[in-house]
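# Reading the structure
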Amino acid sequence: MSAMDQDTGMFKVQQTIGSVLCCKCGVPMPPNAANMCVNCLRSEVDITEGLQKSIQIFYCPECGCYLQPPKTWIKAQWESKELLTFCIKRLKNLNKVKLKNAEFVWTEPHSKRIKVKLTVQAEVLNGAVLEQSYPVEYTVRDNLCESCSRFQANPDQWVASVQLRQHVSHRRTFFYLEQLILRHDAASRAIRIQQVDQGIDFFFGNKSHANSFIEFLRKVVPIEYRQDQQLVSHDVKSSLYNYKYTYSVKICPICREDLICLPSKVASGLGNLGPLVVCTKVSDNITILDPRTLRCAFLDARQYFRSGFRSALTSRQLVKYFVFDVEAPVGEATVGGQKYALSYVQIARESDIGKMFYVQTHLGHILKSGDQALGYDIYSANVNDDEMEKYRLSVKNGLPEAILIKKCYDEQRERKKGKPRAFTTKKLPMEMDESRGARVDPEKMENEYEEFLRDLEENPELRFNISLYKNKDYQESETASMTDGEGAPTVPIEELLAELELSEEEEEGNDEEDMDE
Amino acid sequence: MATRLQFENNCEVGVFSKLTNAYCLVAIGGSENFYRFCFAHLSLSLCSFTSVLVFMFENSAFESELADVIPIVKTSLGGTRIIGRLCAGNKNGLLVPHTTTDQELQHLRNSLPDSVVVQRIEERLSALGNCIACNDHVALAHTDLDKETEEIIADVLGVEVFRQTIAGNILVGSNCALSNRGGIVHPHTSVEDLDELSTLLQVPLVAGTVNRGSEVIGAGMTVNDWTAFCGSDTTATELSVIDSIFKLREAQPSSIVDEMRKSLIDTYV
């Protein structure tokens, strides 16, 4: 049977492979390199000789991890891909043959045996490649991994603790931090979180976890910290020392909306920024604004803690003012994305309407006649601040009688009173510190939290790094009908995240559409 | 009847010996056991009942089989022992390579019967046993053999010469074992090639192996019209194939057909 080969024009004879007899068993077969049928070849040569067929592996029943000696524990599910890879890695001589296929053979889960069927290929005799499958049996032995055994022995055992403190009288910073931590999952590895009087304690099982937490904190608030360690145990023979590490972290006490009187050195260092400044934003830098010149300066943690000044008046001392008249702005500036306008206003305190003040304010862009505003009453306040006293004595015209900080939306909020907000927030699992005698007043906490939420509503830049979730009980129709005048600022619905609900029928994904800030 | 044996613990019998219908060449080995075999084996081919206790006074397997039948010549070629692969011959003649010394040539001329012409040829491919496969009527030659050599082969051996390859292999002498009654070729030979060769050689051919799957048939065994010798690794299957294709079961050396020999017991083993 010859066929014409068109390409080369050559005469090519079709070759049919004949059959020879297997040299051992005599069964006719096509010739191969060994000239033996597959069965005879298999009986002759065992390529799985010298390969491990049974092996012991260790499993931690608490955390579901398998031991890869000497010290690594690998988490893997029963009959998963990771487990297969792990099992194959444990076999010793597998590099002598080529692994073609591996799969699990079903074993009863509580039999403590894993069976894997491996198919290997190797070259035998004169170049014949033989493929053979063989089972490998793994005996699973239970052995608690180190971390689980340490945890079992003492569940409260911590190795590193971070004591976060801010020496101010309110907890606004901690509320905000709590939301930030939740958003970035920074405290996911904390064993325990405890709330104490002026701060929060975080306990970690590992020094590096505590370190990474502090790095996270350093990026969001200006902090100063120190590290101390305490010897727990000491192995004489191998000179291994076990310590407990404690980090004492202090957040700078300057908060948003604080009134600060800068010490003269700091003021001149910042280019003679008027010693009376308002703190407008605290992130890893402190932004301070001089309300008279609309100039702004940034202080980072190191600069702040070098001088360590405190605020003269805090937001607790804010007083409500009525705004009677707002004059045209004499100057405008955009500072750090925020627009400010310098103008003169006529204001009077709510408590004492009779006494009018004519002051300069940086809120000229939002205040209108008839508004309410919150500000510091320097005229009648009893300020306990050395710098302020020095400044008061040094300046000719006296201090400004009032410095307005923000617009007040109390009237508008009256209408919404009692109605639920459009958003909710999540909370960290914190323990309350019972030991020091319950100085924590639950009602006070509630009020503070309410103020914090109002803060969030009013300031979009605060919401930037926080996740807010849609309130399931909230009904939209009520606020949609509010058409009269200017409503209180609320969080636009696009910023809210739907919470991940795992129901039996379907999974709702996170439909997050965060606005670009 | 095919026999299994070893030369100095090596199963490649065809390398160290050359068997034809008129004579047999063997290499000079260290042990005489190469040649040792029962007389019974020889007689078995003649008559069915023969005692196993037969002993021979010439302890040589070849000699016991063939002693009275054909001359067995111990020789070397060019000082080497691989005589099976260096020379090619049949009952008419023997061709030796140019590396053969004069003494060896003379020794061969003396020992072999006069009907056998011993000729030394000048040929670049000096392993004639690898290049030429022949029986008494026809020969296969390496494709690159010289024209003169081809003519000498046709002359001396009295055969028709065909240049061929076996299973794509040009060393025809090592890849096949040929006798006047049949032949075995390399196991990878295709069916078409087998048919073609069979037509050329006019004998039945089969693709098979020897020495437990070895593909080099010519080196693994040596054969003539009534007997064959294979390496001791040869399996029973291969042996049966050899027996059937060379028709050895009914074979009888023509010179002994008329003579019936009785077994002689000289000494007990």
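Residues numbered from 1 in each chain as written. Chains lettered and ligands numbered in written order. Predicted model: local features only at pLDDT ≥ 70, side-chain atom pairs only at ≥ 80, totals over all residues. Heavy atoms only, no water.

### Some thoughts on the overall build of chain B
Test applied: Numbering of helices and strands starts at the N terminus; helices are DSSP runs of H or I of at least 4 residues and strands are runs of E of at least 2. For every residue, the accessible area (1.4 Å probe, protein chains only) is compared with the maximum for its type, and the residue is labelled buried under 20%, exposed over 50%, or partly exposed between those bounds. Pairs of residues are marked as contacts when any of their non-hydrogen atoms sit within 4.5 Å. The accessible surface values rely on the Shrake-Rupley method and a 1.4 Å probe; as for residues, cover is taken only from the protein chains in view.
When helices and strands are tallied, chain B shows eleven helices and 15 strands. Evaluated residue by residue, chain B yields a buried proportion of 58% over its 269 residues. Partitioning the contacts of chain B with sequence separation of at least 6, the portion at a separation of at least 24 is 64%. About 11200 Å² of surface is accessible on chain B, with carbon and sulfur atoms providing 51% of the total.

### Description of the overall build of chain A
When helices and strands are counted, chain A shows eleven helices and 28 strands. Accessible surface, chain A: about 29300 Å² in total, of which carbon and sulfur atoms supply 48%.

### Observations regarding the interface of chain B and chain A
Worth spelling out the cut-off: Summed over both partners, the accessible area lost on bringing two parts together, with a 1.4 Å probe, is the buried area. Charged means Asp, Glu, Lys or Arg here, nonpolar means Ala, Val, Leu, Ile, Met, Phe, Trp, Tyr, Cys or Pro, and polar covers whatever is left, Gly included.
Contacts between the two partners involve 17 residues from chain B, matched on the other side by 20 residues from chain A. Interface of chain B and chain A: buried area, both sides summed, is about 1300 Å²; carbon and sulfur atoms make up 51% of it. When the buried surface of chain B facing chain A is broken down by residue, Glu 192, Arg 212 and Thr 237 of chain B rank first, second and third, together holding 39% of it. Mapped onto the side of chain B that touches chain A, the elements with two or more residues apiece are helix H9 (191–201) and helix H11 (236–245) of chain B. Along the lines of polarity and charge, the residues of the side of chain B that touches chain A split into four nonpolar, eight polar and five charged.

### Some thoughts on the confidence of the model for chain A
All names here are of chain A. Operational definition: Across the chain, each position has a pLDDT score giving the predictor's confidence in that residue, from 0 to 100.
Of all residues in chain A, 88% attain a pLDDT of 70 or more, and the chain-wide mean is 81. Per-element confidence in chain A ranges from a low mean pLDDT of 46 for strand S1 (residues 2–4) to a high of 93 for strand S11 (residues 160–165). When the criterion is pLDDT under 50, residues 1–5 qualifies, and its contacts beyond four places in sequence or with other chains add up to seven contacts. Here residues 477–486 is a poorly scored stretch, pLDDT under 50, and it has nine contacts once near neighbours within four places are set aside; other chains count.

### Regarding the sheet that holds strand S9 (residues 138–141) of chain B
Residues and elements named next belong to chain B. Threshold: Strands are treated as partners if at least two bridges between them are detected by DSSP. Interaxial angles span 0 to 180 degrees and are taken between N-to-C directions of axes, which are lines fitted to C-alpha atoms, for helices over the stretch in contact.
Spatially, three strands are ordered S8-S9-S10 in an open sheet, and the strand pairing comes out mixed. Across the chains shown, the open sheet's two edge strands, defined by having one partner strand only, are strand S8 (132–134) and strand S10 (160–163). Averaged over all pairs of adjacent strands, the angle between strand axes in this sheet comes to 20 degrees, irrespective of strand direction. Strand contacts of helix H7 (residues 147–157): S8 and S10, with the helix running at about 145 degrees to S10, the strand carrying the most contacts.

### Here's the deal with the pattern of salt bridges
All names here are of chain A. To keep things clear, this is the line we draw: By salt bridge we mean one thing: a side-chain nitrogen of Lys or Arg within 4 Å of a carboxyl oxygen of Asp or Glu.
Enumeration over the complete set of coordinates arrives at 21 salt bridges over all chains. With a closest N to O distance of 3.3 Å, Asp 142 and Lys 112 form a salt bridge. On the criterion of sequence distance, the pair formed by Asp 142 in strand S10 (residues 128–142) and Lys 112 in the loop between strand S8 (98–105) and strand S9 (113–124) is long-range, its members being 30 residues apart. With a shortest N-O distance of 3.6 Å, Glu 257 and Arg 172 are connected by a salt bridge. Taken as a pair, Glu 257 in the loop between strand S15 (240–251) and strand S16 (259–261) and Arg 172 in helix H4 (residues 172–184) lie far apart in primary sequence, 85 residues in all. Per residue, the accessibility class of Glu 257 equals that of Arg 172, and both read buried. A single salt-bridge network, built from bridges that share partners, covers Arg 172, Arg 256, Glu 257, Lys 406 and Asp 455.

### Topic: helix H8 (residues 386–394) of chain A
Every α-helix winds through 3.6 residues per turn, so residues three or four apart in the chain are directed the same way. All names here are of chain A. Filter applied, for reference: What the arc describes is the spread of directions from the helix axis to the C-beta atoms.
When we look at burial in H8, the residues that qualify are Glu 387, Met 388 and Tyr 391. Taken around the axis of H8, the buried residues stretch over an arc of 100 degrees, which confines them to a single face. H8 presents Asp 386, Lys 390 and Leu 393 as exposed residues on the side facing more than 90 degrees away from its buried surface. Buried residues along H8 sit against S16, helix H6 (264–269) and strand S17 (276–282).

### Quick notes on the nonpolar core
This is how the line gets drawn: We call a set of buried Ala, Val, Leu, Ile, Met, Phe, Trp, Tyr and Cys residues a nonpolar core when their side-chain atoms join them within 4.5 Å. Where each domain starts and ends comes from a domain assignment, either automatic or drawn from a database.
Among the nonpolar cores identified, the biggest contains 50 residues, and Val 116, Leu 118 and Tyr 138 of chain A together with Leu 140, Val 185 and Leu 205 of chain B are the most heavily contacted of them. Summarising the domain contributions, this core has at least three residues from each of domain 1 (1–44) and domain 2 (45–146) of chain A. Excluding its chain neighbours within four sequence positions, the residues that come into contact with Leu 205 of chain B are Leu 178, Gly 183, Val 185, Leu 194, Leu 197, Ser 198 and Ile 245 of chain B. Of all hydrophobic cores here, the second largest spans 39 residues; its members include Val 162, Tyr 176, Ile 200 and Phe 216 of chain A.

### Some details on unusual backbone geometry
All names here are of chain A. Residue Pro 69 is joined to Pro 70 through a cis peptide bond whose omega torsion reads 5 degrees. Structurally, the position occupied by Pro 70 is in the loop between strand S6 (65–68) and strand S7 (72–75). A positive phi angle, near 55 degrees, is found at Glu 79, a position not held by glycine. For Glu 79, the position within the fold is in the loop between S7 and helix H2 (81–90).

### Description of the sheet that holds strand S11 (residues 176–178) of chain B
All names here are of chain B. Here we have three strands laid out as an open sheet, ordered S11-S12-S13, and mixed in their pairing. Bordering the open sheet on either side are S11 and strand S13 (205–207), each of which pairs with just one other strand. Taking each pair of neighbouring strands and ignoring which way they run, the sheet shows an average axis angle of 20 degrees. Here three bridges tie S11 to strand S12 (residues 183–185), and the two strands are oriented antiparallel to one another. Paired with Cys 176 across the two strands is Val 185, which belongs to S12. Along the sheet face, H9 touches S11, S12 and S13 and points at about 150 degrees away from the line of S13.

### Quick look at the packing of H4 of chain A against helix H5 (residues 207–220) of chain A
Residue and element names in this part refer to chain A. What counts here: Oblique is the label for every angle not falling under 35 degrees (roughly parallel), over 145 degrees (roughly antiparallel), or within 65 to 115 degrees (roughly perpendicular). By definition, any crossing whose near helix is turned counterclockwise from its far helix by less than a right angle is left-handed, and any crossing with a clockwise turn is right-handed.
Where H4 contacts H5, the two axes come as close as 12 Å, and the packing angle between them is 125 degrees. Considering their axes alone, H4 and H5 lie oblique with respect to each other. Judged by the twist between their axes, the crossing of H4 over H5 is right-handed. Here Leu 177, Leu 180, Ile 181 and His 184 of H4 come into contact with H5, specifically with Phe 213, Phe 216, Leu 217 and Val 220.

### Comments concerning the pairing of strand S25 (residues 402–408) of chain A
All names here are of chain A. In terms of burial, S25 is a largely internal element, seven of the seven residues being buried. Sheet topology places strand S24 (residues 372–377) next to S25; six bridges connect them, and they run antiparallel. The partner of Leu 374 across the bridge, within S25, is Lys 406.

### Here's the deal with the environment of Tyr 176 of chain A
All names here are of chain A. On the secondary structure map, Tyr 176 appears in helix H4. Its relative accessible area of 17% is what places Tyr 176 among the buried residues. In the structure, Tyr 176 is positioned 289 residues away from Asn 465 in sequence and 9.7 Å away in space, judged by C-alpha atoms. Not counting chain neighbours up to four residues away, the residues in contact with Tyr 176 comprise Phe 452, Leu 462 and Ile 466.

### Digging into the side chain of His 142 of chain B
All names here are of chain B. As a reminder of what qualifies: Identification of polar contacts relies on pairs of N or O atoms within 3.5 Å, with a donor-acceptor requirement for protein atoms, meaning one able to donate a hydrogen and the other able to accept it, and with residues adjacent in sequence counted only if both atoms are side-chain atoms.
Of note, His 142 is situated in the loop between S9 and H7. When its relative accessible area of 4% is taken as the criterion, His 142 is described as buried. From its side chain, His 142 meets the backbone nitrogen of Asp 144 in a polar contact 3.0 Å long. Apart from residues lying up to four places away in sequence, His 142 is in contact with Leu 125, Cys 131, Arg 163, Ile 170, Leu 171 and Val 172.

### What to know about the packing of aromatic side chains
Residues and elements named next belong to chain A. Using the following cut-off: Side-chain rings of Phe, Tyr and Trp, where Trp is taken by its six-membered ring, are said to pair if the distance between their centres is within 6.5 Å; with planes under 30 degrees apart they count as stacked, over 60 as edge-to-face, and otherwise as tilted. Criterion for a charge above a ring: Lys NZ or Arg CZ within 6 Å of the ring centre, and within 35 degrees of the ring normal.
Taken as a whole and judged by the stated rule, the model has 17 aromatic pairs over all chains. Pairing Phe 175 with Tyr 449 gives two aromatic rings, centres 4.9 Å apart and planes at 85 degrees, and the pair type is edge-to-face. Within this pair, whereas Phe 175 is found in helix H4, its partner Tyr 449 is found in helix H10 (residues 442–458), the two being separated by 274 residues in sequence. For the pair formed by Phe 175 and Tyr 449, the shared burial category is buried. Through pairs of rings, three or more aromatic residues link up here, namely Phe 202, Phe 204, Phe 213 and Phe 216. The ring of Tyr 245 has Lys 207 lying over it, and the distance from NZ or CZ to the ring centre is 4.7 Å. Here the guanidinium or amino end of Lys 244 rests over the ring plane of Trp 158, the centre of that ring lying 4.5 Å away.

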